[in-house]
Amino acid sequence: MLDESDTIGVDGTGCHGPDTVISLLHHYFDKHGMAEKGSNLYADNCAGQNKNQFVIAYLAWRCMTDLHETITLSFMIAGHTRCLVDGCFGLLKRRYRQSDCDTLSQLASTVDASARCNKAQLFRSEDGTQQWQWYNWKDFLKCRFKSLPGIRKLQYFRFTAEKPGTVYVRQHIDDPETKVELLKRNVVLNVQDMPEIIVPGGMSHDRQLYLYNNIREHVWDPHKDVTCPAP
């Protein structure tokens, strides 16, 4: 959870692309992983966020840099995309409708109180310390890995450290696997290399003015200067 001034782009933009998704996934593995050697991931078929060449390349990179030995990524079939995550969001929506959420901290408390399966993860701690970094994963991965042809038709992906830079793909669960080389020729990965850090985009004066003039009146008095301060 984060304020719109803390997204990759200015005024809350750039928060749905591969750089955001991969940065969050990387943070989760780094801070909430259990030193597991294998991981099974599931996602919907959203091309802009999940099903794209950069997420595929990132998972291959993890297996090439000894962060994982095996990773499988499975995309849910259209019409069968309801999962536990959706149920947890449903519980959050129910609690949210019954709560006052004028500040980010109030929203975080609502998330925590909505269900045992929901836990708020704030971009900044109470003292303002940033809890994770945004990284330029797209440029980092683009110059090292090739795109995967026909990715939208594929549903199952497997990565292994035994075959670095390679992904095994299937369209259907009972199809034989097809091996695809992702690593570009003459590329030598340094396990210490990381993408460049992206500084949060901040909030423009126009956006601050809009919040002050149009949203502030709807916020309870004790929180007006927190959520919609004067520009």
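Residues numbered from 1 in each chain as written. Predicted model: local features only at pLDDT ≥ 70, side-chain atom pairs only at ≥ 80, totals over all residues. Heavy atoms only, no water.

**Some details on helix α4 (residues 104–114)**
Every buried residue belonging to α4 is among Ala108, Thr110, Val111 and Ser114, and all of these are buried. Relative to the axis of α4, the buried residues are bounded by an arc of 160° and lie together on one face. (Buried < 20%, exposed > 50% of the residue type's maximum accessible area, 1.4 Å probe, protein only. Helix = DSSP H or I, 4+ residues; strand = E, 2+ residues; numbered from the N terminus. Arc of directions from axis to C-beta.)

**Observations regarding the packing of helix α1 (residues 18–32) against helix α2 (residues 53–64)**
Direction vectors running N to C along α1 and α2 enclose 30°, while the axes themselves pass 10 Å from each other. Judged by the inter-axis angle, α1 sits roughly parallel to α2. Read as a crossing pair, α1 and α2 show a hand that is right-handed. Contacts between α1 and α2 involve Pro18, Ile22, Leu25, His26 and Phe29 from the first element and Phe54, Val55, Tyr58, Leu59, Trp61 and Arg62 from the second. Its residues assigned to classes, the contact of α1 with α2 shows 9 nonpolar, 1 polar and 1 charged. (Axes fitted to C-alpha atoms, helices over the stretch in contact; angles between N-to-C directions. Parallel < 35°, antiparallel > 145°, perpendicular 65-115°, else oblique. Left-handed = near helix turned anticlockwise from the far one by under 90°. Contact = heavy atoms within 4.5 Å. Nonpolar A, V, L, I, M, F, W, Y, C, P; charged D, E, K, R; others polar.)

**Observations regarding the state of the cysteines**
Summed over all chains, the structure comprises 1 disulfide. Through a disulfide, Cys88 is tied to Cys117; the S-S separation comes to 2.3 Å. In this structure the cystine formed by Cys88 and Cys117 twists about its S-S bond by roughly -140°; its chirality is therefore left-handed. Separated by 29 residues along the polypeptide, Cys88 in helix α3 (residues 84–96) and Cys117 in the loop between α4 and β3 (134–135) bring together distant segments of the chain. (Disulfide = S-S within 2.5 Å.)

**Regarding the packing of aromatic side chains**
Overall, the coordinates contain 11 aromatic pairs when judged by the stated rule. Relative to Trp137, the ring of Trp61 lies with its centre 5.2 Å away and its plane at 70°, an arrangement referred to as edge-to-face. Separated by 76 residues along the polypeptide, Trp61 in helix α2 and Trp137 in helix α5 (residues 137–142) bring together distant segments of the chain. A relative accessible area of 2% means that Trp61 is categorised as buried. Ring geometry for Phe123 and Trp134: centres 5.6 Å apart, planes at 15°, overall stacked. Within this pair, whereas Phe123 is found in the loop between α4 and β3, its partner Trp134 is found in strand β3, the two being separated by 11 residues in sequence. One exposure class covers both Phe123 and Trp134, and it is buried. (Phe/Tyr/Trp six-rings, centres within 6.5 Å; stacked < 30°, edge-to-face > 60°.)

**Let's talk about the side chain of Arg144**
Among the secondary structure elements, Arg144 is positioned in the loop between α5 and β4 (156–160). What makes Arg144 buried here is its relative accessible area of 17%.

**Details of the environment of Cys15**
Assignment of secondary structure puts Cys15 in the segment before α1. Taking the C-alpha atoms as reference points, Cys15 and Gln208, separated by 193 residues in sequence, lie 19 Å from one another. In this structure Cys15 touches Thr7 and Thr20, once residues within four positions along its chain are discounted.

**Some remarks on the pairing of strand β5 (residues 166–170)**
Counting buried residues in β5 gives 4 out of 5 residues, a clear majority hidden from the surface. Counting the residues in the hairpin turn of β4 and β5 gives 5 residues, including Gly165, whose phi is positive at 80°. As defined by bridge partners, β5 adjoins strand β6 (residues 178–181) across 4 bridges and the pair is classed as antiparallel. By the bridge assignment for β6, Val167 is matched with Val180. (Pairing = 2+ DSSP bridges.)

**So, the environment of Phe159**
Examined against the element boundaries, Phe159 turns out to sit in strand β4. Here the alpha-carbon distance between Phe159 and Lys146, two residues 13 residues apart in the chain, equals 15 Å. Ignoring any residue separated from it by four or fewer positions in sequence, one finds Phe159 in contact with Ile56, Leu59, Ala60, Cys63, Glu69, Thr70, Ile71, Thr166, Val167 and Leu182.

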